[in-house]
Amino acid sequence: MTLALLLAATLAVACVIVVALPFLREPEPESDALEDLDDEERRRLELLEARDRALSALKELEFDHRTGTISDEDYRAQLGPLRRDVASALQALTAAEPGEGQPPGARN
Amino acid sequence: MPELGRAALLVTLGLSLYALVAGTAAARLGRRRLARSAQNALVASFGATAVAAAVLLSALLRNDFSLEYVARTTSRALPTAYTISAFWGGQEGSLLLWLLVLTGFGAAAVTLNRSWARDLIVWVVPVFAAISTFFAFLVVAVASPFATQPAPLDGAGMTPSLQNPYMLAHPPLLYLGYVGLSVPFAFAMGAILSGKLDERWLVATRRWTLFAWAALGIGQLLGSHWAYVEVGWGGYYAWDPVENAALMPWLAATAFLHSVMIQEKRGMLKVWNVLLVILAFSLSLFGTFLTRSGVVNSIHSFTQSSIGPWFLAFIALVVTVSLALVFWRLPRLRSPTKLESPVSREAAFLYNNLLLLALCLAILWGVVYPMLSEAVRGEAVVLGRSYYDFFLRAFGLPLLLLMGIGPLIAWRRASLRSLATTFRWPTLVAVLAGIVLLLLGAGSSIPGLVAYTFSAFVLATIVMEFARGTRARKALGATTWPGAFTSLVSRNRRRYGGYVVHAAIVLLAIGIAGSSAFDSVAEAKLRKGDSMRIGDYTLVYRSLSERSGPNATEIRATLDVRRGNRDLGTLKAGKNAYTIEQQVSNEVGIRSDRLTGEDLFVIAEQINPDGSVYFRVFVKPLVNLIWLAGLVFLLGSVITLWPDRREQRRLVARASEVGIPATR
């Protein structure tokens, strides 16, 4: 009983320390604000996703055509729109480039 | 040390509550250290739960009958392996296992993703914490595994049907599946709450969802095999409410795993995907409720208890709050892309989703209807096997066909002329298979024949995809054919692992169709020396023996088995009489033909004092393909789950372009 209570108390104290650790490590931090993506960065992330999606779709179409899963007819019908998707995604990304003094990765 | 177990669970409850409140406050107020503290609380809650689990396991192994749970679920004579499985054999222990897996998964998922998706994780923590608070509350206040009593000399033992090696793996796998679905749910809700509706929540949870889905799938197959060899009624799936309880979230998760590809490839179906995640998680809670509340009579439902109302309230809360959140974020979840053609891969995936969902809801209605009828009319009206079989055929057969169609259609739009070219060979194979099967007499069951024909179609498409892909890889520079094949699979593990899973489903369909549509049964009361025939098998009852096992008296009838003129040896079937549990179980005799996949299945239904035995014998063609499907399913799941370095590099590059820490 006594041993059990002692172990229980040790467990509770250990958990409290773990929970309090961020405050113990940084009692007076320079900033306690959560790092968050701003609207520009969020928009950029969405554009990067759109770019990767378009590139991946193009790559898959090429491979499916090479394997014969996609016929020549379907390939030709889709190649143009997919290339346009890639081009417009890259264009949008270029337009959304961060300005001088705000390089990507500066948040690290 | 029940005090330590109780205290550890109290600590878990406190930590979960803290993670919920502090996590929510940190996310709302934007406080970094408080958010980190809440994350630490979630991680620590796993440690505290692990201590409680260790205390219970130790009590089980020490036969500490001063714990009510240990006395109720074990006995001194119970073999050690089953004593360990008693951890999840009863209600309180299985709820503790839920909590252990939940806090473990929560801690792991948050820790692995808190660097690259920290703005999302801030909101994921309180969602996880809310779920763990509920389960911690249950094991602290409603169904504690550490309730004590004056220790009796021996325990009540374990239900005989649970004393089976499958019980060491089947329930934990189902729990890994049920609880694993909490990860995509927590991340989906976290994404909605934080407004971070980009792809990261999908990427962060993809492997968790696959893992949970695979665990549920394998767990169900192990459960089916357990029912087949242990329960002794001659089948492997009875549409039992608790079996259905595991099938429903698996179907919803299957739908999600398909529709999420449309979101990743085309940016469509964002609302639909979140709804599927909510459905899968709610159904996993519902499954636990069915198993543990005692609301349904089932071979798997071992207890009448007071946790039912708590569970129902929690499920209602989860559904209401999550749907309200989806409604709140609806404008931001709408997709700018629309379905371009009803003949396209995304359309095929959508049809697949609708069929899976329809099957899932039909099963849900079958499970819920008896409860509703009992509540309204005072009499439980159970929907029988024919109800479920009807919907399995109505929705399952088109689903089977779609497995072959989907992968061969182009994204966006496919021309009908292309379809004719693409499907020429698979259709030819399917038609030929159908004709051959008709000639072999498979026309006695039309659904069975259709299932076989569709299976041939799907298998042909899978073989074709692998063959064409390998050829293309070889042409692109692979030096050897095995190298080309390996390169093909490793470059797109999800796609080709998915095909392997499809092959497993085809094997499953063939096994189910063969063993249910084309099986045969014979019954006879035999005295020693008498024989009976079934198909081309002849069985001669030779002797009856009795011996004392570790915790049961084992009675076995020995039969000589012949097929035509060939002697196939002997088969034993009988019963175990469990001394402490005061129960009798059927111990069936099974002879498997490895070449044809057929089983001869013998049940000694009634053993009479004069030594005569009433036998029920089944011949189940192709039934072993069901178990083989489990192995293939496992292989496909491992391929899809295997880390993809190319994808990792792409994600890291994308993250670093925005300035998110490039680690995961």
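Quantities reported herein were computed from a predicted structural model and do not represent experimental measurements.

Rules and cut-offs
Residues numbered from 1 in each chain as written. Chains lettered and ligands numbered in written order. Predicted model: local features only at pLDDT ≥ 70, side-chain atom pairs only at ≥ 80, totals over all residues. Helix = DSSP H or I, 4+ residues; strand = E, 2+ residues; numbered from the N terminus. Rg over C-alpha atoms; globule rule 2.2 N^0.38 Å. Buried ≥ 20, exposed ≤ 12 C-beta atoms within 10 Å, placed from the backbone. Contact = placed C-beta atoms within 7 Å. pLDDT = per-residue confidence, 0-100. Pairing = 2+ DSSP bridges. Core = buried A, V, L, I, M, F, W, Y, C linked by C-beta atoms within 7 Å. Axes fitted to C-alpha atoms, helices over the stretch in contact; angles between N-to-C directions. Nonpolar A, V, L, I, M, F, W, Y, C, P; charged D, E, K, R; others polar. Domains from an automatic or database assignment.

### Topic: the overall build of chain B
For chain B, the count of helices and strands is 22 helices and nine strands. The globule rule puts the C-alpha radius of gyration for 664 residues at 26 Å, and the 27 Å found for chain B is close to it. When its C-alpha atoms are laid out on the principal axes, chain B stretches across 80 × 75 × 60 Å. Taking all 664 residues of chain B together, the buried fraction comes to 55%. Residue pairs at least 24 apart in sequence account for 73% of intrachain contacts in chain B once pairs closer than 6 positions are excluded.

### Brief notes about the confidence of the model for chain A
Close reading of the predicted structure is inappropriate where its pLDDT is low. Residue and element names in this part refer to chain A. Across chain A, the average pLDDT comes to 83, with 89% of residues at or above 70. Looking over chain A, one finds the lowest element-wise mean pLDDT in helix α2 (residues 39–67), namely 87, and the highest in helix α1 (residues 2–25), namely 93. Contacts for the low-pLDDT stretch residues 100–108, under 50 throughout, to residues beyond four places or in other chains number 12 contacts.

### Considering the pairing of strand β7 (residues 589–593) of chain B
Residue and element names in this part refer to chain B. Taken together, the five bridges between β7 and strand β8 (residues 598–607) define a ladder with antiparallel strand orientation. Of the residues in β8, the one forming a bridge with R591 is L600. Linking two consecutive strands that pair antiparallel, namely β7 and β8, is a turn of four residues; a positive phi of about 80° is found at G597 within it.

### Thoughts on the nonpolar core
The biggest cluster of nonpolar side chains holds 216 residues, and the ones touching the most others in it are A8(B) and A252(B). Sort the elements by how many residues they give to this core and helix α9 (residues 200–231) of chain B lands first, with 17 residues. Non-local contacts of A8(B), meaning those with residues more than four positions away in its chain, are made with A8(A), L11(A), A48(B), V51(B), A52(B) and V55(B). Residues A557(B), F601(B), I603(B) and V619(B) belong to the second largest nonpolar core, which totals 20 residues.

### A word on the environment of Y387(B)
Its location among the elements puts Y387(B) in helix α15 (residues 385–405). Measuring from C-alpha to C-alpha, the distance between Y387(B) and G366(B) comes to 7.8 Å, with 21 residues separating the pair along the chain.

### Examining the sheet that holds strand β1 (residues 520–526) of chain B
Residues and elements named next belong to chain B. The four strands lie next to each other as β1-β9-β8-β7, forming an open sheet whose pairing is antiparallel. Edge positions in the sheet fall to β1 and β7, since each has one partner strand and no second. When strand polarity is set aside, the average angle formed by the axes of neighbouring strands in this sheet is 15°.

### Thoughts on the interface of chain A and chain B
In this assembly, 47 residues from chain A lie in contact with 49 residues from chain B. Looking at the side of chain A that touches chain B, the element that brings in the most residues is α1(A), giving 13 residues. Grouping the constituent residues of the side of chain A that touches chain B by class yields 26 nonpolar, seven polar and 14 charged.

### Topic: the domain arrangement of chain B
Residues and elements named next belong to chain B. Once the domains are mapped, chain B shows domain 1 (2–252 + 269–333) and domain 2 (520–620). Each of domain 1 and domain 2 was reduced to a C-alpha centroid, and the two centroids are 40 Å apart. Listed per partner, the contact involves 13 residues of domain 1 and 15 residues of domain 2. Taken together, the residues of the side of domain 1 that touches domain 2 sort by class into six nonpolar, six polar and one charged.

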